[in-house]
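Chain residues, written in single-letter form:
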Amino acid sequence: WLSNRGLLGADLKQVGRSFEVAAAECDYFAPSPTGLWSCVYDLFAVTKPRQFYAETYAVRDWRSAGYTAALFEAGPVAVVCRDSERLAAKLSDAYKTSVTGVNMDNWRDQDAVMQKVADSNAKIIAVAGGPPCKLLVVDMAVKLKRVVLDLGGHIGFLLPEQKKAA
């Protein structure tokens, strides 16, 4: 599990603290529905109160409403994830714009990811980096002054919906 999540060899207490910092510092907090209603997680105790909580599946609704195209029109965009080059190529083709792919496989990649994003002209950064990227997402937003969307497993919803055959 630790290897699959990119955490093998990571300081897990620091990873846990990075979740708390990310939840406290992000502009829009979008935990999974389980994280909102389950007392096991008690997210409200470790985050600042907000008037608005985004829902983690919102990106799926963005695509259905046609909002994802606006992200790429506002671009340039970078995607940070495993296999980012393949996703970047698909997004570039779909939206007819340049999308930078930045690979992140595990926690050891954070410094290289930060540097590649800093060196890019991307204004919007879409991330699917799992637990190792939580503090990195905050750092990219604050230090680089970029719009950073931690989309997790929903990053694929940035691709346009496939037309269904009649």
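Throughout, a residue's number is its position along its own chain's written sequence, starting from 1. Owing to the predicted nature of the model, reporting of local features is limited to residues with pLDDT of at least 70; listing and counting of side-chain atom pairs is limited to 80 or more, with chain, interface and lining totals taken over all residues. As a rule here, side-chain values come from all non-hydrogen atoms in the structure, and water together with hydrogens is ignored.

Student: Would you take a moment to explain the packing of aromatic side chains for this structure?
Tutor: What characterises a pair of aromatic rings is the spacing of the ring centres plus the angle enclosed by the ring planes. The rule is short: rings of Phe, Tyr and Trp, with Trp giving its six-membered ring, pair when the centres are within 6.5 Å, and they are stacked under 30 degrees, edge-to-face over 60, tilted in between. Within the structure shown, the criterion is met by one aromatic pair. Centre to centre, the rings of phenylalanine 72 and tyrosine 95 are 4.2 Å apart; their planes meet at 5 degrees, and the pair counts as stacked. One end of the pair, phenylalanine 72, is in helix 5 (residues 68-74); the other, tyrosine 95, is in helix 6 (residues 84-95), with 23 residues separating them in the sequence. Under the scheme applied here, a residue whose accessible area is under 20% of the maximum for its type counts as buried, over 50% as exposed, and between as partly exposed, the area being computed with a 1.4 Å probe on protein chains only. Taking the relative accessible area as the measure of exposure, phenylalanine 72 reaches 5% and is therefore buried. What counts as a helix is a DSSP run of H or I of at least four residues, what counts as a strand is a run of E of at least two, and both are numbered from the N terminus.

Student: Mind showing me how you'd approach the pattern of salt bridges here?
Tutor: Any two side chains of opposite charge can pair if their charged atoms end up close together. Criterion for a salt bridge: a side-chain nitrogen of Lys or Arg within 4 Å of a carboxyl oxygen of Asp or Glu. Tallied over the full model, the rule gives four salt bridges. Its salt-bridge partner being aspartate 105, residue arginine 82 comes within 2.8 Å of it at the nearest N-O pair. Here arginine 82, found in the loop between strand 1 (77-81) and helix 6, pairs with aspartate 105, found in the loop between strand 2 (99-103) and helix 7 (110-119); they are 23 residues apart in sequence, far enough to count as distant. In this structure arginine 82 comes out as partly exposed when scored by relative accessible area, which is 38%. The residue aspartate 83 makes a salt bridge to arginine 86 at a minimum N-O spacing of 2.5 Å. Since its relative accessible area comes to 41%, aspartate 83 is described here as partly exposed.

Student: For this particular structure, what's the right way to read the nonpolar core?
Tutor: The nonpolar side chains of soluble globular proteins are, as a tendency, buried together. The nonpolar core is taken to be a set of buried Ala, Val, Leu, Ile, Met, Phe, Trp, Tyr and Cys residues, with the residues joined through side-chain atoms within 4.5 Å. Among the nonpolar cores identified, the biggest contains 18 residues, and Val79, Leu91, Ile155 and Leu158 are the most heavily contacted of them. The biggest single contributor to this core is helix 6, with four residues. If near-sequence neighbours (up to four positions away) are discounted, isoleucine 155 is found in contact with Val79, Val80, Leu87, Ala126, Val127 and Ala128. Within the second largest apolar cluster, 16 residues are counted, among which are Met114, Cys133, Leu144 and Val148. Pairs of residues are marked as contacts when any of their non-hydrogen atoms sit within 4.5 Å.

Student: Explain the environment of serine 3 to me, please; I cannot follow it from the model alone.
Tutor: Within the fold, serine 3 resides in the segment before helix 1 (12-25). Sequence separation between serine 3 and asparagine 106 is 103 residues; the distance between their C-alpha atoms is 8.2 Å.

Student: What should I look at first to understand the packing of helix 7 against helix 8 (residues 134-144) in this one?
Tutor: For any two helices packed against each other, the geometry is given by the interaxial angle and the distance between the axes. As a packed pair, helix 7 and helix 8 sit with axes 11 Å apart at the nearest point and diverge in direction by 35 degrees. Crossing angle aside, the handedness with which helix 7 passes helix 8 is right-handed. On helix 8, the residues touching Gln110, Val113, Met114, Val117 and Ala118 of helix 7 are Leu136, Asp139, Met140, Lys143 and Leu144. Each residue gets one label: Ala, Val, Leu, Ile, Met, Phe, Trp, Tyr, Cys and Pro are nonpolar, Asp, Glu, Lys and Arg are charged, and the others, such as Gly, are polar. Its residues assigned to classes, the contact of helix 7 with helix 8 comprises seven nonpolar, one polar and two charged. Axis definition: a line fitted to C-alpha atoms, limited for helices to the stretch in contact. Angles are taken between N-to-C directions and run from 0 to 180 degrees. Each crossing gets its handedness from the near helix: less than a right angle anticlockwise from the far helix is left-handed, clockwise is right-handed.

Student: Would you explain the sheet that holds strand 2 in this entry?
Tutor: The strands making up a sheet are joined through hydrogen bonds of the backbone, oriented either antiparallel or parallel. Criterion used throughout: strands pair if DSSP finds at least two bridges between them. Read from one edge to the other, the open sheet built from four strands follows the order 2-1-3-4, with strand pairing classed as parallel. Edge strands, defined here as strands with exactly one partner in the open sheet, are strand 2 and strand 4 (147-150). Neighbouring strand axes in the sheet, compared pairwise and without regard to direction, differ in orientation by 20 degrees on average. Across four bridges, strand 3 (residues 124-127) lies against strand 4 in parallel orientation. If you follow isoleucine 124 over to strand 4, its bridge partner there is valine 147. Here helix 6 sits on the sheet and contacts strand 1 and strand 2; the angle it forms with strand 2, its principal contact strand, is near 165 degrees. In the packing of helix 7 onto the sheet, the strands contacted are strand 1, strand 2 and strand 3, and the crossing angle to strand 2 comes to about 165 degrees.

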